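The chain contents come next:
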Amino acid sequence: MSNRMRFSGKHAMITGAARGIGFEIAKHFGSEGAALSLLDNNRENLSASAALFRERGFEVLDYCVDISRRSEVEDAVRKAEQFRPVDILINNAGIASETPFINIEEEEWKRIIDINLTGMFFVSQAVCRYMVTRKKGVVVNMSSKNGLDGEFGYAHYNASKGGVIMLTRTMAVELAAFGIRVNAVCPGYIETPMSKSIDSEAFTAAFAERYIPMNRPGQVEEVAPLFLFLASDESSFITGQVIVADGGQLSGQKPGEDLLAKMR
C-alpha cells in the first residue's frame, strides 16, 4: 500500500464498502488521507468495517443503504454532502448469481440489474448533481471483464456490467464540461467473499488453469490501486476509459500444454 497522501482533504464515497474489493478500496483511500463515506446494505458488515477503519484513525461515516432505492440513496448522499462535499465517488456495489439464461426468473433478473446498474445510476446522479455545481469531481465505476465478453450462466450479470460500461462512457461525455471525470475498472476473476460464495476452490483452480494466462485468480489488493489511480490527479487527462485487470484472460485463448512445450 502506498505511503503517499494523495487524498488528504478529500472526501471519498464508496458503495459496497463493507467487504471484498470495496473494503480494500476504502482502506487504501483512508490510508492516503481521505475522509470516507461508506455505503452498504449489510448493517453488521458495514458497522464492523467502519469500526475497524476508525481504529486506524480514519475519518468515517457509514450509511446502511439499498442503492436500488432512490430515496435511500438521496438521503445518504445529502447527509454525506452536509458533512463535507463529496470529491470522489467509487461505485463498487454489485451482486452476482449463476443461473443459465433460460432459467433466470424475473425477480432474479431485476435484482441483479437493480443493484449493479440502476443502483449505480441512482448514486451517480445524486452525487454528480452536487459535483456539477462545483464543476469538479471524479467517478470510478466497477464494471467487469464480463461486461466485455459473455460467460455461461451470467446473462443478467453480464448485461448489467455491459450497461455499466456504456453508462460510464456517456457520463464521461456529458460531464466533462463540468470538470468531472468518469472511468471504469473491469476486473477478471478476483477472489472475493462473493466469488467464494459461488465457486469452490477446485472450480477456481480449474478455471484459472484453463482460462487465465497468469494461471491464478486476482486478489483484491491487485484491483484497489486502480481505483485510486483513476481518482487521483495522476490520471487528470483520462476520462471515459475502461481499464481491464484480468490476468490476460481477454487477450486471447490460453495455450494448452502441447503448445507451451514447444516454447520450452
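Read on for an overview of the structure.

Calculation rules
Residues numbered from 1 in each chain as written. Predicted model: local features only at pLDDT ≥ 70, side-chain atom pairs only at ≥ 80, totals over all residues. Heavy atoms only, no water. Helix = DSSP H or I, 4+ residues; strand = E, 2+ residues; numbered from the N terminus. Rg over C-alpha atoms; globule rule 2.2 N^0.38 Å. Buried < 20%, exposed > 50% of the residue type's maximum accessible area, 1.4 Å probe, protein only. Contact = heavy atoms within 4.5 Å. Areas by Shrake-Rupley, 256 points an atom, 1.4 Å probe, with all protein chains shown as cover. Lys, Arg positive; Asp, Glu negative; His and termini not counted. Charge placed at Lys NZ, Arg CZ, Asp CG, Glu CD. Expected span 1.5 Å × (residues − 1). Bend = angle between axes of the 7 residues up to and from the residue. Polar contact = N/O pair within 3.5 Å; in protein donor to acceptor, adjacent residues only side chain to side chain. Salt bridge = Lys/Arg side-chain N within 4 Å of Asp/Glu carboxyl O. Pairing = 2+ DSSP bridges. Right-handed = clockwise from strand over helix to strand, strands pointing away.

1. Focus: the overall build of the protein chain
1) Next: Scanning the protein chain from terminus to terminus reveals nine helices and nine strands.
2) Next: Relative to the 2.2 N^0.38 estimate, which gives 18 Å for 264 residues, the radius of gyration of the protein chain is 18 Å and therefore close to what a compact globule would have.
3) Next: Projected onto its principal axes, the C-alpha positions of the protein chain cover 60 × 45 × 40 Å.
4) Next: Looking at the protein chain as a whole, 49% of its 264 residues are labelled buried.
5) Next: Once local pairs closer than 6 in sequence are excluded, the contacts in the protein chain between residues at least 24 apart make up 74%.
6) Next: Of the roughly 12900 Å² of accessible surface on the protein chain, a fraction of 53% belongs to carbon and sulfur atoms.
7) Next: Averaged over its 29 positive side-chain charges, the protein chain has a centre that lies 6 Å from the centre of its 33 negative ones.

2. Focus: helix α4 (residues 106-134)
1) Next: In this model α4 runs 40 Å from its N-terminal to its C-terminal C-alpha over 29 residues, within 8% of the 42 Å that 1.5 Å per residue would give.
2) Next: Helix geometry: α4 is bent most strongly at Asp114, by close to 45°.
3) Next: Looking one or two residues beyond α4, the residue adopting positive phi is Lys135, at roughly 60°.

3. Some details on unusual backbone geometry
Trans is the prevailing form of peptide bonds, just as negative phi is the prevailing case for residues other than glycine.
1) Next: A positive phi angle is found at Lys135, which is not glycine, with a value near 60°.
2) Next: Mapped onto the elements of the fold, Lys135 is located in the loop between α4 and β5 (137-142).
3) Next: Looking at Lys135, the relative accessible area reads 53%, which means it is exposed.
4) Next: Here Asn215, not a glycine, exhibits a phi torsion of approximately 65°, which is positive.
5) Next: With respect to the helices and strands, the residue Asn215 is situated in the loop between α7 (201-211) and β8 (218-219).

4. Considering the side chain of Ser160
1) Next: Take Ser160: it is sitting in helix α5 (residues 155-175).
2) Next: For Ser160, a relative accessible area of 0% translates into the label buried.
3) Next: In contact with Ser160, not counting residues within four places along its chain, are Ile112, Ile113, Asn116 and Leu117.

5. Observations regarding the side chain of Asn146
1) Next: Within the secondary structure, Asn146 is located in the loop between β5 and α5.
2) Next: A polar contact is formed between the side chain of Asn146 and the side chain of Glu151, at a distance of 2.9 Å.
3) Next: Reaching out from Asn146, the side chain makes a polar contact with the side chain of Asn158 at a distance of 2.9 Å.

6. What about the environment of Gly240?
1) Next: Mapping Gly240 onto the fold places it in the loop between α8 (220-231) and β9 (242-245).
2) Next: Look at Gly240 and you get buried, because its relative accessible area is 16%.
3) Next: For the pair Gly240 and Ser124, spaced 116 residues apart in sequence, the C-alpha to C-alpha distance is 15 Å.
4) Next: Filtering out sequence-adjacent residues up to four positions away, Gly240 remains in contact with Arg169, Ala172, Val182 and Asn183.

7. Some points on the pattern of salt bridges
1) Next: One pass over the full model with this rule turns up 17 salt bridges.
2) Next: In this structure, Asp62 engages Arg43 in a salt bridge whose closest nitrogen and oxygen atoms are separated by 2.7 Å. Here the residue Asp62 occupies a position in strand β3 (residues 60-64), and Arg43 occupies one in helix α2 (residues 43-55), the gap between them amounting to 19 residues.
3) Next: A relative accessible area of 38% means that Arg43 is categorised as partly exposed.
4) Next: Between Asp75 and Lys79 there is a salt bridge, with its nearest N and O atoms 3.2 Å apart. Placement of the pair is Asp75 and Lys79 together in helix α3 (residues 70-83), with a separation of four residues, close to one helical turn.
5) Next: With a relative accessible area of 27%, Asp75 lands in the partly exposed category.
6) Next: In the salt-bridge network here, residues are joined through shared partners; they are Asp66, Arg69, Glu72 and Arg111.

8. Looking at the pairing of β3
Consecutive side chains along a regular strand alternate between the two faces of the sheet.
1) Next: Sheet topology note: the strand β2 (residues 35-40)/β3 ladder contains five bridges and is parallel. The residue bridging Leu39 from the neighbouring strand is Tyr63, located in β3.
2) Next: Considered for its hand, the β-α-β crossover made up of β2, α2 and β3 is right-handed.

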